[in-house]
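What follows is the residue order along each chain.
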Amino acid sequence: MAATEIARQAGEGARAVPLAGHVGFDSMPDQLVNKSVNHGFCFNILCVGETGLGKSTLMDTLFNTKFEGEPTQHNQPGVQLKSNTYELQESNVRLKLTVVNTVGFGDQINKEDSYKSIVEFIDTQFEAYLQEELKIKRTLHSYHDTRIHACLYFIAPTGHSLKSLDLVTMKKLDSKVNIIPIIAKSDAISKSELTKFKIKITSELVSNGVQIYQFPTDDETVAEINSTMNGHLPFAVVGSTEEVKIGNKMVKARQYPWGTVQVENENHCDFVKLREMLIRVNMEDLREQTHTRHYELYRRCKLEEMGFKDTDPDCKPFSLQETYEAKRNEFMGDLQKKEEEMRQMFVQRVKEKEAELKEAEKELHEKFDRLKKLHQDEKKKLEDKKKSLDDELNGFKQKKTAAELLQSQAQQAGGSTTLKRDKERKN
Amino acid sequence: LQKALGDAETCRAMSEVAVPEMMMPPPAVPAACQVEKTVPGPGMGDFSYVGIDAILEQMRRKAMKQGFELNIMVVGQSGLGKSTLMNTLFKSKVSRKSVQATSQEKIPKTIHIKSVSHDIEEKGVRMKLTVIDTPGFGDQINNENCWQPIMKFINAQYEQYLQEEININRKKRIPDSRVHCCIYFIPPTGHCLRPLDVEFMRRLSKVVNIVPVIAKADTLTLEERDFFKQKIREELRANGIDVYPQKEFDEDAEDRMINDKIREMIPFAVVGSDQEYQVNGRRLLGRKTKWGTIEVENIAHCEFAYLRDLLIRTHMENIKDITSSIHYEVYRVRRLNENNTAVAHANGLPQHHMTSHEM
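Quick caveat: nothing in here was measured; it's all calculated off a predicted structure.

Focus: the sheet that holds strand β7 (residues 276–279) of chain B
Residue and element names in this part refer to chain B. With respect to topology, 3 strands assemble into an open sheet ordered β7-β8-β9, the strand pairing being antiparallel. Edge positions in the open sheet fall to β7 and β9 (292–295), since each of these has one partner strand only. Pairs of neighbouring strands in the sheet enclose a mean axial angle of 65 degrees, with direction left out of account. Relative to strand β8 (residues 282–289), β7 runs antiparallel, the two sharing 4 bridges. Paired with Gln278 across the bridge in β8 is Arg283.

So, in structure tokens, the structure goes:
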């Protein structure tokens with residue numbers, strides 16, 4: 001067999017080579033896009049906010065369809081996450097959209113644990129993906145990605161500042177998901193108040209170190225619009241699925257006695273900006289950030305927690321698999337040890353009980369013996385007594401017979417004696 | 001364009017969100033799901049346009065920014081025109097010979113594997129092209145096991161990717177050095193495949209996409225060419241060799257139709273050239289002989305254009321896809337099971353079923 005020599009040139013120093021004609025690989029982006037179109041896209045949005053801030057209405061407005069059922073009640077015992085998946089299609093693009101709603105957020109008296117179920121939910125999606133990725137026979141190609149790509153955080157339109165619940169929740173979520181804060185029902189705030197409100201919110205977020213999602217500015221095509229929009233965060237939105245006739249058009253709006261708030265009028269609210277940023281410009285970037293940043297962070301932490309380490313390149317093969325097996329064996333070993341221990345304890349207890357019972361039995365036997373002896377003693381005594389009584393009786397009988405005999409003899413003699421006595425008396 | 005789909009699969013996916021006991025306790029969140037709804041199509045006025053299809057543009061932008069990678073391997077005896085064909089395909093000096101400064105070309109005594117990378121750009125699309133050459137293949141007197149170093153190389157690329165993938169700290173984009181496509185050059189004997197060809201393709205088709213071509217096809221007449229191709233196709237079928245595009249990976253009826261047409265033309269009879277000649281007032285790539293000039297890109301003369309279209313203009317993404325989602329996954333399964341078996345033996349547990357990757 002021939003020896004082989006693998007020589008690799010270039011690599012980092014790959015040469016830039018000019019082309020002498022049209023090769024045709026400029027169709028690559030098209031090929032890629034076609035493949036994605038055939039495969040379909042998926043996008044998952046999480047809406048976090050107190051009950052009644054118009055989350056469902058906003059989703060309906062954004063995606064131009066009526067999504068869910070009735071509005072939720074305010075008496076939920078804890079924060080629940082309800083997710084719904086929809087298939088949307090626009091021209092040739094098929095989108096599998098999942099909208100996750102926090103039900104009961106902010107309704108409890110004690111809100112300390114409100115954020116927990118949200119964090120758990122996000123982690124669960126990451127975990128499911130990680131599990132799939134770690135499988136031996138995996139189907140990542142057709143895996144339905146449920147990881148949350150964007151989190152819309154609904155801020156109540158108080159006009160003052162963020163609530164502490166908001167700060168705490170956002171702080172817990174910022175390393176797990178792309179947060180886009182929005183001011184809900186912003187038609188309740190006047191324009192001047194709104195500017196102040198936005199500034200206050202932004203400064204509070206910065207001072208508390210909350211990392212919200214920044215629209216990417218590295219691609220020249222969209223850098224400008226994205227950086228402008230970054231300055232408009234948080235978006236002040238108004239949602240509405242009702243249509244009102246303005247001029248000669250039907251527009252989505254909210255009608256009040258004093259005027260009409262048009263949803264798609266940029267002077268009235270930032271809805272158009274939100275739609276632009278969330279869907280039309282940065283949807284792909286949101287998905288990418290979720291996968292390359294948030295998911296990788298989760299994966300790293302999870303694997304390190306489980307005890308895997310990136311060891312030196314030599315013994316790398318399947319340090320994952322080996323460590324996993326090792327951990328499993330360790331766990332089984334622990335289990336077995338515990339089982340042994342329990343068995344020992346059980347045997348010990350049984351022995352003790354047995355000994356106790358034996359003791360008791362012995363005691364009983366002794367008692368029985370004692371009583372028996374006592375009984376025999378008594379019996380003997382009684383017999384002795386009986387014997388002595390018998391003896392006495394015999395003696396007495398003898399005496400009696402002897403006495404009787406004497407008496408009878410005496411009588412005979414005494415008859416004469418008595419006669420004599422009688423004679424003497426007569427005389 | 002409106003269709004509403006009920007999807008039980010989504011529901012299942014939703015309920016599979018619970019986590020196995022080893023890791024975390026399952027969270028107490030219900031996962032309700034429904035799938036329905038379509039955005040009402042255009043026709044309700046401007047404002048009903050959501051803008052979901054803008055994602056296509058976003059993807060295109062991202063692809064342009066990231067650029068593409070392509071790794072092609074050429075395998076065949078010396079003198080079959082491998083380097084020239086590469087240069088012709090990419091219209092530039094991308095082959096190893098063009099890069100190396102060797103003055104004379106000696107046929108090496110062993111098989112070498114040499115790869116050269118180039119950054120090429122066309123209309124804003126950047127590509128890192130790596131051409132992997134295998135000088136010495138099939139040139140020895142005794143060619144037994146000459147596929148082994150090539151198999152080893154291909155598997156080494158899979159291994160490298162796998163290592164990177166299972167790292168805890170992973171790179172954002174794992175550099176892809178996996179061989180996407182292996183062009184196998186068949187000498188134009190006109191009769192049938194040689195045992196070496198059959199052996200090589202049989203083994204390699206299991207680990208990499210093989211595209212067989214008839215090299216230097218200008219030595220065959222059209223009838224000879226057709227006969228040769230027919231013979232080759234029969235032999236491939238008889239030996240169970242699945243070359244690209246593999247029948248089992250056709251995704252839908254449309255795919256199958258397109259690929260069937262291609263399968264009827266395989267192997268492509270190609271001629272390569274990096275020299276231009278004046279033909280009918282135009283400058284064309286060709287080979288000039290005393291009896292005429294063979295135009296490389298003329299489909300009446302040879303099938304180079306079909307090969308180029310297949311590899312570059314239409315099926316490049318598909319080739320890469322099959323490499324990463326099928327060949328690589330097969331390798332990965334085998335690797336992971338290998339380790340499982342070793343550990344299983346240590347624990348005295350029954351063995352897992354292993355897929356065989358013959359060497």
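From this point, the discussion proceeds with the structure in view.
A few points about the packing of aromatic side chains
Evaluation of the coordinates by the stated rule reveals 15 aromatic pairs over all chains. Chaining the aromatic ring pairs together yields one cluster made of Phe126, Tyr129, Tyr143, Tyr295 and Tyr298 of chain A. Across the ring face of Tyr161 of chain B, the terminal group of Arg178 of chain B is positioned such that the distance to the ring centre comes to 3.7 Å.

A short note on the domain arrangement of chain A
Per the domain assignment, the segments of chain A are domain 1 (37–304) and domain 2 (319–395). The centre of domain 1 of chain A, based on its C-alpha atoms, is set 73 Å off from the matching centre of domain 2 of chain A.

Here we look at helix α1 (residues 28–39) of chain A
Residue and element names in this part refer to chain A. Taking 1.5 Å per residue as the helical rise, α1 with its 12 residues ought to reach 16 Å, and the 17 Å between its terminal C-alpha atoms agrees with that figure. Among all positions of α1, only Met28, Pro29, Gln31, Leu32, Val33, Ser36 and Val37 are buried. One or two steps after α1, the chain reaches Gly40, where phi turns positive at roughly 90 degrees.

Quick look at the nonpolar core
Residues Phe63, Leu274 and Leu278 of chain A are the most contacted members of the largest nonpolar core, which totals 88 residues. For this core, the element with the highest residue contribution is helix α3 (residues 114–134) of chain A, accounting for 9 residues. Excluding residues within four positions of it along the chain, Leu278 of chain A makes contact with Phe43, Ile45, Leu62, Ala150, Leu152, Ile180, Met283 and Leu286 of chain A. One finds Ile120, Met151, Ile210 and Leu307 of chain B within the second-largest nonpolar core, a separate group that totals 86 residues.

Quick word on the packing of α3 of chain A against helix α4 (residues 164–173) of chain A
Packed helix pairs are characterised by how far apart their axes lie and by the angle those axes make with each other. Residues and elements named next belong to chain A. It is the contact of α3 with α4, at a shortest axis distance of 10 Å, that shows an interaxial angle of 20 degrees. Accordingly, the angle class assigned to the pair α3 and α4 is roughly parallel. For the element pair α3 and α4, the recorded crossing hand is right-handed. Contact residues: α3 offers Ser114, Tyr115, Ile118, Val119 and Ile122, while α4 offers Leu165, Val168, Thr169, Lys172 and Leu173. For the contact of α3 with α4, the per-class residue count stands at 7 nonpolar, 2 polar and 1 charged.

Digging into a negative patch on the surface
Residues and elements named next belong to chain A. Among the surface-exposed residues, Glu359, Glu363, Glu366 and Asp369 lie close enough to one another that they form a single negatively charged patch. Turning to its location among the elements, Glu359 is positioned in helix α9 (residues 319–426). Judged by its relative accessible area of 46%, Glu359 is partly exposed.

Remarks on the pattern of salt bridges
Within this structure, the stated rule accounts for 48 salt bridges over all chains. One salt bridge in this structure joins Lys62 of chain B and Glu284 of chain A, with 3.0 Å as the shortest N-O distance. With Lys62 of chain B in helix α2 (residues 54–66) and Glu284 of chain A in helix α8 (residues 283–305), this pair bridges two chains. Judged by its relative accessible area of 5%, Glu284 of chain A is buried. Among the charged side chains, a salt-bridge network with shared partners connects Lys91, Glu297, Arg308, Asp309 and Arg313 of chain B.

Here we look at the pairing of strand β5 (residues 210–214) of chain B
All names here are of chain B. Within β5, 5 of the 5 residues are buried, which leaves it mostly tucked inside the rest of the structure. Here β5 shows no split at all, with Ile210, Pro212 and Ile214 on one side and Val211 and Val213 on the other all buried. Where strand β4 (residues 181–186) lies against β5, 5 bridges are found, and the strand directions are parallel. Bridge pairing in β5 links Cys182 to Ile210.

Details of the sheet that holds strand β10 (residues 249–256) of chain A
Residue and element names in this part refer to chain A. Reading across from one edge, β9-β10-β11 is the order of the 3 strands in this open sheet, with antiparallel pairing throughout. Looking along the sheet, the strands with just one partner apiece sit at the ends: β9 (243–246) and β11 (259–262). On average, adjacent strands in this sheet sit at an angle of 65 degrees to one another, irrespective of strand direction. Bridging between β9 and β10 involves 4 bridges; their strand directions are antiparallel. Residue pairing across strands places Ile246 opposite Lys249, the latter belonging to β10.

Overview of a nonpolar patch on the surface
There is a patch of nonpolar side chains on the surface, built from Phe331, Met332 and Leu335 of chain A and spanning about 280 Å² of accessible area. Note on placement: Phe331 of chain A falls in helix α9.

Side note on the environment of Lys288 of chain B
Residues and elements named next belong to chain B. As for its placement among the helices and strands, Lys288 is situated in strand β8. Lys288 gets classed as exposed once you look at its relative accessible area, which sits at 58%. On a C-alpha basis, the gap between Lys288 and His301 in space is 13 Å, while along the polypeptide they are 13 residues apart.

Overview of unusual backbone geometry
Residue Pro234 of chain A follows Leu233 of chain A across a cis peptide bond; omega there is -10 degrees. Within the secondary structure layout, Pro234 of chain A lies in the loop between α6 (220–230) and β8 (235–236). Each neighbour pair has its own omega, and for Tyr244 of chain B with Pro245 of chain B the value is -5 degrees, a cis peptide bond. If you trace the backbone, Pro245 of chain B turns up in the loop between α7 (222–238) and α8 (253–265). Its identity is not glycine, yet Lys185 of chain A carries a phi of approximately 45 degrees, on the positive side. Checked against the element boundaries, Lys185 of chain A lands in the loop between β7 (179–183) and α5 (191–207).

Cut-offs applied
- Residues numbered from 1 in each chain as written.
- Chains lettered and ligands numbered in written order.
- Predicted model: local features only at pLDDT ≥ 70, side-chain atom pairs only at ≥ 80, totals over all residues.
- Heavy atoms only, no water.
- Pairing = 2+ DSSP bridges.
- Helix = DSSP H or I, 4+ residues; strand = E, 2+ residues; numbered from the N terminus.
- Axes fitted to C-alpha atoms, helices over the stretch in contact; angles between N-to-C directions.
- Phe/Tyr/Trp six-rings, centres within 6.5 Å; stacked < 30°, edge-to-face > 60°.
- Lys NZ or Arg CZ within 6 Å of the ring centre and 35° of its normal.
- Domains from an automatic or database assignment.
- Expected span 1.5 Å × (residues − 1).
- Buried < 20%, exposed > 50% of the residue type's maximum accessible area, 1.4 Å probe, protein only.
- Core = buried A, V, L, I, M, F, W, Y, C linked by side-chain atoms within 4.5 Å.
- Contact = heavy atoms within 4.5 Å.
- Parallel < 35°, antiparallel > 145°, perpendicular 65-115°, else oblique.
- Left-handed = near helix turned anticlockwise from the far one by under 90°.
- Nonpolar A, V, L, I, M, F, W, Y, C, P; charged D, E, K, R; others polar.
- Patch = residues over 30% accessible without salt bridge, like charges linked within 9 Å, V, L, I, M, F, W, Y side chains within 5 Å.
- Areas by Shrake-Rupley, 256 points an atom, 1.4 Å probe, with all protein chains shown as cover.
- Salt bridge = Lys/Arg side-chain N within 4 Å of Asp/Glu carboxyl O.
- Lys, Arg positive; Asp, Glu negative; His and termini not counted.
- Charge placed at Lys NZ, Arg CZ, Asp CG, Glu CD.

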